[in-house]
Amino acid sequence: MLSGSDSGIGHALAKYLDSLGFVVFAGVLDKDGAGAEELRRTCSGRLSLLQLDVTSATQVREAYLKVSQKVQNAGLWGVVNNAGILGFPADGELLPMSTYRQCMEVNFFGAVEVSKTFLPLLRKCQGRLVNMSSMAGGIPLPRYAAYGASKAALSMFSGVMRQELSKWGIKVAAIHPSGFRTGIQGTSDLWDKKEKELMEKLPADTRQAYGEDYLLGLRRYLLHMPSCCDPDLSPVLGNVLHALLAKRPQGLYTPGKGAYVLLCIFCCFPLWCYDFF
């Protein structure tokens, strides 16, 4: 069972696992959307689409019941918590509280809700729980306070669950990708939606402290993000496959350029060295 299959990594992963012969339950935010329609058109009859907004306990429960009906006593081998949002990349002081709450609601609480709901099915066959975190969930990155905090919570949840669920043979992995082009990154539409909330509600002294040029530069940063991201998702897909199938999967995967190196610098060097770098 896979959440967040409308676009990006989740969409590519649903297609990839289907092509390998997996029976895929692809959760989508919009069952009538373009992403869901493409999965219907391009994937085999093994793939089942699930209406799944991870922030809705009702939809999570309904998805569980549909999957339970199909797998019956066989159980479920894998749950991949992929659904996530970036929010708006800006300094933590500038971000409205709504962005912090939304990131936590989707990236953390949604994944916890799905995990807790589907664990009885995983327990039946000693399956796998795979959580799609982020490089920003393991190391502090400027302008990602809301997103990084939610992913850090998910990474800690993954580590604790890895320890606690081992007694049932359930293996848990966290994926910490670096920058990949997934569609989650910035667009002018996102800026237009967030600009009023971000800019007009800033206290005058905060606005003055940062300066107009800096604040307007956030838009350029947002629109430039996709060009800095790797369009080849195969390292992420390969890591998820390993987490699902390996006899001894890793607890942490770091696909992509810089993900492992930056984590090592953060963990092994003094903090001033990492901050300077």
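Scroll up a little and you will see the structure.
The rules behind these values
- Residues numbered from 1 in each chain as written.
- Predicted model: local features only at pLDDT ≥ 70, side-chain atom pairs only at ≥ 80, totals over all residues.
- Heavy atoms only, no water.
- 1 Å grid on protein atoms, 1.4 Å probe; cavity = no way out; pocket = protein on both sides within 12 Å on 5 of 7 lines; lining within 4 Å.
- Points joined across faces, edges and corners; volume = space filled by probe spheres on them.
- Helix = DSSP H or I, 4+ residues; strand = E, 2+ residues; numbered from the N terminus.
- Nonpolar A, V, L, I, M, F, W, Y, C, P; charged D, E, K, R; others polar.
- Pairing = 2+ DSSP bridges.

### What to know about empty space enclosed by the protein
In total, this model carries one cavity of 30 Å³ or more according to the counting rule given. Its boundaries defined by the atoms lining it, the largest cavity holds a volume of some 60 Å³. Along the wall of the largest cavity there are 13 residues; nearest its centre are N81, N82, A83, V106 and A111. Breaking the lining of the largest cavity down by element, the ones donating at least two residues are α4 (97-124) and α5 (145-164). For the lining of the largest cavity, the class distribution of residues is seven nonpolar, five polar and one charged.

### A few points about the sheet that holds strand β4 (residues 128-132)
The strand order across the open sheet formed by four strands is β3-β4-β5-β6, and the pairing between neighbours is parallel. This sheet does not close on itself; its edge strands, each paired only once, are β3 (78-81) and β6 (252-253). One ladder, built from four bridges, connects β3 with β4; its direction is parallel. The residue of β4 that forms the bridge with V79 is L129.

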